[in-house]
Number of protein chains: 2
Amino acid sequence: MGELEGKGPLGNHFDRVLQDDLFNQKSWEKAENKMFQFAVKTAVEKSNMQMDDIDCLIGGDLLNQIISSSFAARELNIPFLGIYGACSTFSEALLLGGLLIDSKSMDCVVCAASTHFSTAERQYRTPLELGTGRPPTSQRTTTASGACVLKNAGTGPRLTHCTLGKVIDWGIKDANNMGAAMAPAAADTIATHLLETAKAPKDYDYIVTGDLGHHGSEVLIKLLKQRGFDVSSNHADCGIQIYPEDADVQSGGSGCGCSAVVFSAYFLKQLMDASVKNLLLVSTGALLSPTSTLQGESIPGIAHAVAFEACKEG
Amino acid sequence: MGELEGKGPLGNHFDRVLQDDLFNQKSWEKAENKMFQFAVKTAVEKSNMQMDDIDCLIGGDLLNQIISSSFAARELNIPFLGIYGACSTFSEALLLGGLLIDSKSMDCVVCAASTHFSTAERQYRTPLELGTGRPPTSQRTTTASGACVLKNAGTGPRLTHCTLGKVIDWGIKDANNMGAAMAPAAADTIATHLLETAKAPKDYDYIVTGDLGHHGSEVLIKLLKQRGFDVSSNHADCGIQIYPEDADVQSGGSGCGCSAVVFSAYFLKQLMDASVKNLLLVSTGALLSPTSTLQGESIPGIAHAVAFEACKEG
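Residues numbered from 1 in each chain as written. Chains lettered and ligands numbered in written order. Predicted model: local features only at pLDDT ≥ 70, side-chain atom pairs only at ≥ 80, totals over all residues. Heavy atoms only, no water.

1. A closer look at the packing of aromatic side chains
1) Next: Applying the stated rule across the entire model yields 8 aromatic pairs over all chains.
2) Next: For the ring pair Phe-90 of chain B and Phe-263 of chain B, a centre distance of 6.2 Å and an interplane angle of 50° mean the geometry is tilted. In this pair, Phe-90 of chain B is assigned in helix H4 (residues 89-102) and Phe-263 of chain B in helix H9 (residues 256-272), connecting sequence segments 173 residues apart. The exposure classification of Phe-90 of chain B matches that of Phe-263 of chain B, with both residues buried.
3) Next: Taken together, the ring pairs in this structure connect Phe-90, Phe-263 and Phe-308 of chain A into an aromatic cluster.
4) Next: Over the ring of Phe-38 of chain A we find Arg-16 of chain A, and its NZ or CZ is 5.7 Å from the ring centre. (Phe/Tyr/Trp six-rings, centres within 6.5 Å; stacked < 30°, edge-to-face > 60°. Helix = DSSP H or I, 4+ residues; strand = E, 2+ residues; numbered from the N terminus. Buried < 20%, exposed > 50% of the residue type's maximum accessible area, 1.4 Å probe, protein only. Lys NZ or Arg CZ within 6 Å of the ring centre and 35° of its normal.)

So, in structure tokens, the structure goes:
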């Protein structure tokens, strides 16, 4: 985790908070690669497994050609499936991991996602040195790597359902308002999930979106209300939860590392001690690129949902 | 398919050969998006399905943030799993599709991959207008979109096995010699596959690598010989097969669209009429980025293997 994220309300849940966002490396990209490796190794150790026991790593990040994940996979020396779902990457990894275990061809999968404020800023936006101002709807890319091990047996929380998202685009073109661009996709996936599983929002202790931020979360709650679902009392958003309340992060956090750490370090623990009985994790992604933006395209969104339940009622 | 690819030995197998590589669009990126859509729609139609019957699209491409796939998925309006495996993307999509069907949660999946010479050149290399010369080990990114439908039932060829690859890096730093960078990964995946399935190379009519090109294929055959496997008589490479013999493409074709179309338009037909009894498709990816290259990193490779057999002996 980055230093600012470590100062947030979840700070004491994280396995490691960096004071130096270069992590003793020569570049932020190399630092992010090292963070990704650390997250995977820590998750595997904490699940009392050896790296050799892992059938595959499913992971991604926001850098072009997902180099944080690929170069980390080179060092980890286990079979690797690279994915890209922007900030929806972590729930995409979890749902793929769950389904691969369901296919009986794998017993144990590690799912990971990573982002770094400084690598993302210079790739997607402007050089940090410019000190460009940000509008209130913008979000800060989280410096965070998170990982989670899925097994075909054990006593931990269970992954029970997943719902794949469609790419949905309501025509928003403002890359500083990604929450609003992603909210329609999140609303669609959540509504589809609830209809397909014949559940009501209140059947979940939490419906946790990836990183819509404050503005996007408001849009989500309104859109779901229009479709007859009230999530206002049990909705949480990883992008809102991760930073200190007084941090200068505008609408909140973003980046696929955000939901990866908020789920893996915070909500998963609550599922483990059954203080949370069940939750729906819905990481949300904005599928834009600097190239598509320059070519006048709007911002498509996607969201995948993964349902977990505590193994035993608390 | 691009015009040059259409003039190659497989030209008459392709569903559509473009004379205009802009495909009536304003940019090459938008053209690649349209090609991707065309490939998916054609594959779905040819399998006598409707788009609504498809449980999900698994796909990727080489553009940053896989915008060709994501923006195509927006138009296709079906659940989407974005993946990134560089030129290994197509076999990654097939193996994921096969395993998701094995998990019983899906009945029908469409797998697709796409590349475009002009979008890749300007993203990865130099502006086309510079007319930069190329060394003999370099490969030409294929202008090609290919797609394939996997179903849980039917009379077509069967996907029987898959072997996930590890990221392997032997320290090659020359982005104009990607075949050699990918060959160790291909050799490792093929050897692992043969050992795990207790097969010999001759058990397959063809062992088809994604796009090692001439140089990379030579390296592969040598590396496998060192491990006791002789694939010299039944190895084929999509990157070698796709272009006319006299084309100015140095070591051959590359790009994840290459193995997608050579498999979907050529080898799949031979599996369908049982003129090929079985084959192992091994798409190979070079996981570099311009950023990692600038930061002095070498080129990691990855290769995933997917085995097919003709449904009935011919």
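2. Topic: helix H7 (residues 213-226) of chain B
Residues and elements named next belong to chain B.
1) Next: Between its first and last C-alpha, H7 extends 20 Å over 14 residues, near the 20 Å set by a 1.5 Å rise per residue.
2) Next: Listed in full, the buried residues belonging to H7 are Gly-213, Gly-216, Ser-217, Leu-220, Leu-223 and Leu-224. Along the axis of H7, the buried residues cluster in a sector spanning 130°; they form a single face. Of the exposed residues in H7, those oriented more than 90 degrees away from the buried face are Glu-218, Lys-222, Lys-225 and Gln-226.
3) Next: Buried-residue contacts for H7 involve helix H6 (178-197), strand S7 (206-209), strand S8 (235-237) and helix H8 (238-241).
4) Next: Following H7 by one or two positions, Gly-228 has its phi on the positive side, about 90°. (Expected span 1.5 Å × (residues − 1). Arc of directions from axis to C-beta. Contact = heavy atoms within 4.5 Å.)

3. Quick notes on the nonpolar core
1) Next: Counting residues in each nonpolar core, the largest one holds 150 residues, and the members touching the most others are Val-40, Leu-57 and Phe-263 of chain A together with Val-40, Leu-57, Leu-94 and Phe-263 of chain B.
2) Next: Not counting the four nearest positions on each side in its chain, Val-40 of chain B is found in contact with Met-51, Leu-57, Leu-76, Val-110, Ala-112 and Ala-147 of chain B. (Core = buried A, V, L, I, M, F, W, Y, C linked by side-chain atoms within 4.5 Å.)

4. Regarding the packing of H4 of chain B against H9 of chain B
Residue and element names in this part refer to chain B.
1) Next: Running from N to C, H4 and H9 point in directions that differ by 60°, and their axes come no closer than 7 Å. In terms of orientation, H4 and H9 fall into the oblique class. Judged by residue contacts, Thr-89, Phe-90 and Leu-94 of H4 engage Cys-256, Ser-259, Ala-260, Phe-263 and Ser-264 from H9.
2) Next: The residue makeup of the contact of H4 with H9, split by class, is 5 nonpolar, 3 polar and no charged. (Axes fitted to C-alpha atoms, helices over the stretch in contact; angles between N-to-C directions. Parallel < 35°, antiparallel > 145°, perpendicular 65-115°, else oblique. Nonpolar A, V, L, I, M, F, W, Y, C, P; charged D, E, K, R; others polar.)

5. A few points about the domain arrangement of chain A
Residues and elements named next belong to chain A.
1) Next: You can read the domains of chain A as domain 1 (3-151) and domain 2 (158-309).
2) Next: Here the C-alpha centroids of domain 1 and domain 2 sit 18 Å apart.
3) Next: In this assembly, 46 residues from domain 1 lie in contact with 50 residues from domain 2.
4) Next: Note on domain 1 versus domain 2: buried area summed over both sides is about 3,700 Å², and carbon and sulfur give 67% of it.
5) Next: Counting the contacts that link domain 1 with domain 2 gives 0 salt bridges. (Domains from an automatic or database assignment. Buried area = accessible area lost by both parts, 1.4 Å probe. Salt bridge = Lys/Arg side-chain N within 4 Å of Asp/Glu carboxyl O.)

6. Considerations on the pattern of salt bridges
1) Next: This model, assessed by the stated rule, comprises 26 salt bridges over all chains.
2) Next: Two residues, Asp-15 of chain B and Lys-46 of chain B, come together in a salt bridge whose shortest N-O distance is 2.6 Å. With Asp-15 of chain B in the loop between helix H1 (3-6) and helix H2 (28-46) and Lys-46 of chain B in helix H2, this pair connects stretches of sequence that are 31 residues apart.
3) Next: Residue class for Lys-46 of chain B comes out exposed when judged on its relative accessible area of 53%.
4) Next: The salt bridge involving Glu-75 of chain B is made with Arg-74 of chain B; its shortest N-O contact spans 2.9 Å.
5) Next: Here the residues in one salt-bridge network are Lys-30, Arg-74 and Glu-75 of chain A together with Asp-169 and Glu-297 of chain B, joined through shared partners.

7. Some points on the sheet that holds strand S2 (residues 80-82) of chain A
Residue and element names in this part refer to chain A.
1) Next: The mixed open sheet is built from 4 strands, whose spatial order is S2-S1-S3-S5. Among the strands making up the open sheet, the edge pair consists of S2 and strand S5 (144-151). Here the average twist between neighbouring strands, direction ignored, is 20°.
2) Next: Two elements, strand S1 (residues 56-61) and S2, share 3 bridges in a ladder whose sense is parallel. Bridging from a neighbouring strand, Leu-57 pairs with Phe-80 of S2.
3) Next: Against the sheet, helix H2 (residues 28-46) touches S1, strand S3 (108-115) and S5, its axis set at about 30° to S5. (Pairing = 2+ DSSP bridges.)

8. Remarks on the packing of helix H4 (residues 89-102) of chain A against H4 of chain B
1) Next: It is the contact of H4 of chain A with H4 of chain B, at a shortest axis distance of 7 Å, that shows an interaxial angle of 60°. Overall, the two elements H4 of chain A and H4 of chain B adopt an arrangement that is oblique. The chirality of how H4 of chain A crosses H4 of chain B is left-handed. Contacts from Leu-96, Leu-99, Leu-100 and Asp-102 of chain A in H4 of chain A reach Leu-96, Leu-99, Leu-100 and Asp-102 of chain B in H4 of chain B.
2) Next: In terms of residue class, the contact of H4 of chain A with H4 of chain B is made up of 6 nonpolar, no polar and 2 charged. (Left-handed = near helix turned anticlockwise from the far one by under 90°.)

9. Here's the deal with the interface of chain A and chain B
1) Next: Facing the 50 residues of chain A at the interface are 50 residues of chain B.
2) Next: Taken together, the two surfaces of chain A and chain B that pack against each other cover about 4,100 Å², and 61% of this comes from carbon and sulfur.
3) Next: Between the two partners, chain A and chain B, sit 6 salt bridges.
4) Next: Where chain A packs against chain B, one counts 25 residue pairs in polar contact (both at pLDDT 80 or more).
5) Next: Elements with a contribution of two residues or more to the side of chain A that touches chain B: H2, helix H3 (67-76), S2, H4, helix H5 (117-124), helix H10 (290-294) and strand S11 (301-309) of chain A. (Polar contact = N/O pair within 3.5 Å; in protein donor to acceptor, adjacent residues only side chain to side chain.)

10. Remarks on the sheet that holds S11 of chain A
Each strand in a sheet pairs with its neighbour through backbone hydrogen bonds, running either in the same direction (parallel) or in the opposite one (antiparallel).
Residues and elements named next belong to chain A.
1) Next: The 5 strands lie next to each other as S6-S11-S10-S7-S8, forming an open sheet whose pairing is mixed. Where the open sheet ends on each side, the last strands, each with one partner, are strand S6 (158-163) and strand S8 (235-237). Each neighbouring strand pair of the sheet contributes to a mean axis angle of 25°, computed without reference to strand direction.
2) Next: With 9 bridges joining them, strand S10 (residues 278-286) and S11 adopt antiparallel strand pairing. Bridged to Gly-285 within S11 is Ile-302.

11. A few points about the environment of Thr-141 of chain A
All names here are of chain A.
1) Next: With respect to the helices, strands and loops of the structure, Thr-141 is situated in strand S4 (residues 140-141).
2) Next: For Thr-141 and Thr-119, which are 22 residues apart along the polypeptide, the C-alpha to C-alpha distance reads 9.3 Å.
3) Next: Residues contacting Thr-141, with those up to four places away along its chain left out, are Glu-5, Leu-62, Thr-115, His-116, Phe-117, Ala-120, Arg-125, Tyr-243, Ser-254 and Gly-255.

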